[in-house]
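# What the coordinates show
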Amino acid sequence: MRLLWLSALTCNGNAHSLLNYPNLRNWQKDFEWLYHPLLPSRYTFKEIEEGIEGCEVLIVEGTFSEELVKYRQPFKALVERYGAQARHIVTVGTCAAFGGIFAQGEEGRSGLFFRGEEPTETFEALRSKSINLPGCPIQPEVLVGTLALLKAGETLPLDRLRRPKYYYAYTVHNGCTRNEYFEYKIDEHRFGSLEGCMFYEHGCQGTFTHGSCNKILWNGLNSKTRNGQPCMGCTEPDFPRMGLWTTQKHMGIPARLPVGVPRRAYLSLAGIAKAFRIERFYKPLMEEE
Amino acid sequence: MKKKQPGEKKERRRLEIITGALKLFARKGFYATTIPDIARSIGMSVGNLYNYFSSKELLAQAIIRHISAQLGAKIRVVNESDLSSREKIEKIVTIYFETAQKEPEMIDFFLRIYLSNREVFREGCEGMICVNEFVTEIMIFFDDGVARGELRNQDFFSAFGLFMGYLGGMVFLAGEAILPKPLEAYVDEISTNIYRALKAE
């Protein structure tokens, strides 16, 4: 399967993230890079600008801007040309999916098909081919897995933001090792420590962020929340929010609740859960009898 | 005529016990009132009453849950209305004072038995479990007010204590016949005070 990678306004974090895929060498045997900014490719970027044929999957990284000229050609023209050729258009990273960090504070910047949650019209004709793979950066397994499924001719079920449900139907809370603390509403957390829930004080967005970070561990080892840092919600259309390290609250009540949970029911349940003061959760478990 | 379901009858009897017990507790005090007293007051056998509540402690816990649910349901209506936070405060104060006047034994139980005899509620009513429905509605009131920019974002208990402590104190003064005016005469001023203390700057 022939892949063409275009970079818009980007830190290249997603291109680098792909290099962390442990089986990259084997995986690559099934794919051919017409162009990738870091990996050996059949064409130079100059040749891509001049025009080539045969792109099957167009992969776009970075925030889109109508004014962007990468080398000589407007970026928009490149997307139109290769988007029309390709069977699938895959955006990698939250910048390409929704606008992300590089869209902050600038007019006229967005993801390829969305500005935040709002669909944009620029590439409307290509929308039906699009698959969004947000993340800051993307998890390499999500990209290689999606491409492998596309190569196998699978139809990927997508959510309303065109994210594959296989990877984004879950929340980051799913698989979090701190769930006992979440259940009893205990945020006895210190950064870097392995215990305590970070939802109540430390800004953790895992309960309302769609992603597989705690199901598919980074480098096969770890995730932010397992390691002691709150989930920053990097796969969501409103990333980045302000104040990532503190939980925004209204008189002590988290302003944002786990996805799908009604506020009244949550508060009722939280009131009951908090009533059980379970001593073992208030000091490091290794010191517990 | 609709035939009463057995569960319905049981629920009605349960409510009779709660109401009867509330009246006796208010008149004679919690410790001086016995289960046989309560049974006699509602014309029920002691044995049958024990089928509903196996101890006076469990009955007391059911009563506080009942009061919390009643008040909670009334405040929920206010929360679900389109009123401003200022207007909601007035409604909540009115509900609280009306309950204190029409069903004085309810607030009386809360102030004189629930708050004063914690040993009765230690097991089964940990934390705020037994007043959960009421507290949840107050939380939702605060939460909405802050989200709409009408109330100042502050510590929950600072606000909760100010609101509920104030109302409880006034009802206590009314109960002791110290207040020169009837409770409802204070609604406006008290609502203003609470609003001033809670409003966004």
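Note that the structure is a prediction, hence the values are computed from the model and not measured.

## Section: the pattern of salt bridges
Within the structure shown, the criterion is met by 28 salt bridges over all chains. Note that D188 of chain B is salt-bridged to R86 of chain B, the shortest N-O span being 4.0 Å. Placement of the pair is D188 of chain B in helix α10 (residues 187–198) and R86 of chain B in helix α5 (residues 85–102), with a sequence separation of 102 residues. Accessibility expressed as a relative area gives 47% for D188 of chain B, which makes it partly exposed. Given the relative accessible area of 22%, R86 of chain B is considered partly exposed. A salt bridge links D108 of chain B to R112 of chain B; the shortest N-O distance between them is 2.7 Å. With a gap of 4 residues between them, D108 of chain B and R112 of chain B both fall in helix α6 (residues 104–114), about one helical turn apart. A cluster of three or more residues bridged by salt bridges with shared partners is formed by R264 of chain A together with R76, E80 and E137 of chain B.

## Digging into the domain arrangement of chain A
Where interface size is quoted, it is often the accessible area lost as the parts come together. Residues and elements named next belong to chain A. You can read the domains of chain A as domain 1 (2–165) and domain 2 (170–282). Counting residues at the interface gives 20 residues for domain 1, matched by 14 residues for domain 2. On the domain 1 side of the contact with domain 2, Q139, E141 and R163 bury the most area, a combined 37% of that side's loss. Here domain 1 is connected to domain 2 by 1 salt bridge. Across the salt bridge formed by R163 and E236, the nearest N and O atoms sit 3.3 Å from each other. The tally of links from domain 1 across to domain 2 stands at 4 residue pairs in polar contact (both at pLDDT 80 or more). In terms of residue class, the side of domain 1 that touches domain 2 is made up of 8 nonpolar, 8 polar and 4 charged.

## Considering the nonpolar core
Counting residues in hydrophobic clusters, the biggest one holds 80 residues, and the most contacted among them are F97, F109, F142 and F163 of chain B. In terms of residues, this core owes the most to one element, helix α4 (residues 56–79) of chain B, which gives 9 residues. Among residues more than four places away in sequence, those in contact with F109 of chain B are L22, F25, A60, I63, I64, I67, Y114 and F121 of chain B. In this structure, L9, V60, F98 and F114 of chain A belong to the second largest nonpolar core, which totals 28 residues.

## Describing the UniProt feature "binding site: [4Fe-4S] cluster 2" (unreviewed entry) in chain A
Residues and elements named next belong to chain A. Here the UniProt feature "binding site: [4Fe-4S] cluster 2" (unreviewed entry) sits at H173, C176, C197 and C204. Judged by maximum C-alpha separation, these annotated positions cover 32 residues in sequence but sit close together in space, the widest gap being only 11.3 Å. Checked against the element boundaries, H173 lands in the loop between α7 (165–168) and α8 (179–183). Residue H173 is classed as partly exposed on the basis of its relative accessible area of 24%. Once residues within four sequence positions are removed from consideration, H173 is found in contact with F182, G206 and T207. Assignment of secondary structure puts C197 in the loop between α8 and α9 (224–227). On the basis of relative accessibility, which here comes to 6%, the residue C197 falls in the buried class.

## Re the packing of α5 of chain B against helix α9 (residues 156–175) of chain B
Residue and element names in this part refer to chain B. Where α5 contacts α9, the two axes come as close as 11 Å, and the packing angle between them is 35 degrees. Seen along the crossing, α5 lies across α9 with a hand that is right-handed. On the side of α5, the interface is formed by I89, I92, V93, Y96, F97 and A100, while α9 contributes F163, M164, L167, G168, M170 and V171. Along the lines of polarity and charge, the residues of the contact of α5 with α9 split into 11 nonpolar, 1 polar and no charged.

## Thoughts on the side chain of N117 of chain B
Residues and elements named next belong to chain B. Looking at the secondary structure, you find N117 in the loop between α6 and α7 (118–121). Residue N117 is classed as buried on the basis of its relative accessible area of 11%. With residues up to four places along the chain from it excluded, the contact list for N117 reads Y31 and R112.

## Comments concerning the pairing of strand β9 (residues 130–133) of chain A
Residues and elements named next belong to chain A. Along β9, one buried face is formed by S130 and N132 and the opposite face, lined by I131 and L133, is buried too. In the sheet, strand β5 (residues 88–92) pairs with β9 via 4 bridges, with the strands oriented parallel. The residue bridging V90 from the neighbouring strand is I131, located in β9.

Quick notes on the rules
- Here the residue index of a chain counts from 1 through its sequence in written order.
- Chains carry letters and ligands carry numbers; both start at the beginning, A for chains and 1 for ligands, and go up in the order they are written.
- Totals for whole chains, interfaces and linings use all residues, but because this is a predicted model, local features are given only for residues with pLDDT of at least 70 and pairs of side-chain atoms are given and counted only at 80 or more.
- To obtain the side-chain values, all non-hydrogen atoms of the structure were used and water was disregarded.
- The salt bridge definition used is simple: a Lys or Arg side-chain nitrogen within 4 Å of an Asp or Glu carboxyl oxygen.
- Only runs of H or I of at least four residues qualify as helices and only runs of E of at least two qualify as strands under DSSP, and these elements are numbered from the N terminus.
- Throughout, exposure labels follow a simple rule: accessible area from a 1.4 Å probe, protein chains only, divided by the maximum for the residue type, with under 20% read as buried, over 50% as exposed, and the rest as partly exposed.
- Throughout the structure description, domain borders are defined by an automatic or database domain assignment.
- Contact definition: two residues touch when any of their heavy atoms are within 4.5 Å.
- The buried area of a pairing is the accessible area, by a 1.4 Å probe, that goes missing from both parts when the two are put together, added over both.
- Pairing of N or O atoms within 3.5 Å defines a polar contact, subject to two protein rules: one partner must be a possible hydrogen donor and the other a possible acceptor, and residues neighboring in sequence count only if both atoms are side-chain atoms.
- When residues are grouped by polarity, Ala, Val, Leu, Ile, Met, Phe, Trp, Tyr, Cys and Pro land in nonpolar, Asp, Glu, Lys and Arg in charged, and all others, Gly among them, in polar.
- Here the nonpolar core consists of buried residues drawn from Ala, Val, Leu, Ile, Met, Phe, Trp, Tyr and Cys, with membership extended through side-chain atoms lying within 4.5 Å.
- UniProt positions are given in the numbering used here, feature names are shortened, and annotations may be inferred rather than shown by experiment.
- Angles here are taken between N-to-C directions and fall from 0 to 180 degrees, while the axes themselves are lines fitted to C-alpha atoms, restricted in helices to the stretch in contact.
- Left-handed describes a crossing whose near helix is turned anticlockwise from the far helix by less than a right angle; the clockwise case is right-handed.
- Two strands are counted as paired when DSSP detects at least two bridges linking them.

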